[in-house]
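Topology and contacts: notes
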Amino acid sequence: MRTTKYVLFAALGLAAVLLLTSDTAKDLRDELEEKAKKNAKKWKNKLSKMGADTSDTIADLKDMLSNEIEGLSDDARERIESILNGAAKSTNKIKTNLSKQLS
């Protein structure tokens, strides 16, 4: 069992050395980096769209609750609006953080 582990780690180490030192590995790393940047850009766009959609949905829900529901007391309505405002702020913070991390 120990011999198998040593062989496995030796093979992984050899693969790492080859990937870090050979010319074809440099091409491979450059290609992987390019694909990673492209995918990061796609994810950033998707997450930005999701964040905008979520913000719009929360704003619509807030408007609906504050204007159309008459059965709620003012206190309950204010608490719900406070929760929705907090959710909107959190959504914007998450969107901003993701944008920074994916840039």
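Residues numbered from 1 in each chain as written. Predicted model: local features only at pLDDT ≥ 70, side-chain atom pairs only at ≥ 80, totals over all residues. Heavy atoms only, no water.

Each helix and strand counted, the protein chain has three helices and zero strands in total. Each of the 103 residues in the protein chain was classed as buried or not, and the buried ones make up 8%. Pairs at least 24 apart in sequence give 51% of the contacts found in the protein chain among residues at least 6 apart. Taken as a whole, the protein chain presents about 8700 Å² of accessible surface, with 59% of it coming from carbon and sulfur. (Helix = DSSP H or I, 4+ residues; strand = E, 2+ residues; numbered from the N terminus. Buried < 20%, exposed > 50% of the residue type's maximum accessible area, 1.4 Å probe, protein only. Contact = heavy atoms within 4.5 Å. Areas by Shrake-Rupley, 256 points an atom, 1.4 Å probe, with all protein chains shown as cover.)

This part covers helix α1 (residues 2-21). Each α-helix turn comprises 3.6 residues. Residues three or four places apart therefore point the same way. A rise of 1.5 Å per residue sets the reference length of α1, with its 20 residues, at 28 Å; its end C-alpha atoms lie 29 Å apart and thus fit the reference within 8%. In terms of residue burial, α1 counts as a barely covered element, since only zero of its 20 residues are buried. (Expected span 1.5 Å × (residues − 1).)

Let's shift gears to the confidence of the model for the protein chain. Here the protein chain averages 77 in pLDDT, and 89% of its residues register 70 or above. At the level of individual helices and strands, the protein chain shows its lowest average pLDDT in helix α3 (residues 74-102), which scores 75, and its highest in α1, which scores 81. (pLDDT = per-residue confidence, 0-100.)

This part is about the packing of aromatic side chains. Counted by the stated rule, this structure contains zero aromatic pairs. Directly above the ring of W43 sits K46, whose terminal nitrogen or CZ lies 5.7 Å from the centroid. (Phe/Tyr/Trp six-rings, centres within 6.5 Å; stacked < 30°, edge-to-face > 60°. Lys NZ or Arg CZ within 6 Å of the ring centre and 35° of its normal.)

What follows is about a nonpolar patch on the surface. A surface patch of nonpolar side chains, amounting to about 390 Å² of accessible area, comprises L19, L20, L28 and L32. When residues of the nonpolar patch are traced back to their parent elements, those giving at least two are α1 and α2 (23-68). The residue L28 is located in helix α2 in this model. (Patch = residues over 30% accessible without salt bridge, like charges linked within 9 Å, V, L, I, M, F, W, Y side chains within 5 Å. Salt bridge = Lys/Arg side-chain N within 4 Å of Asp/Glu carboxyl O.)

Tracing the backbone through its elements, the reader meets D56 in helix α2. On the basis of relative accessibility, which here comes to 47%, the residue D56 falls in the partly exposed class. On a C-alpha basis, the gap between D56 and A88 in space is 9.0 Å, while along the polypeptide they are 32 residues apart.

A word on the pattern of salt bridges. Within the structure shown, the criterion is met by two salt bridges. The partner of E31 in a salt bridge is K35, with the nearest N and O atoms 3.5 Å apart. With E31 and K35 both in helix α2 and four residues apart, this pair spans about one turn of that helix. With a relative accessible area of 42%, E31 lands in the partly exposed category. The exposure class assigned to K35 is partly exposed, which follows from its relative accessible area of 47%.

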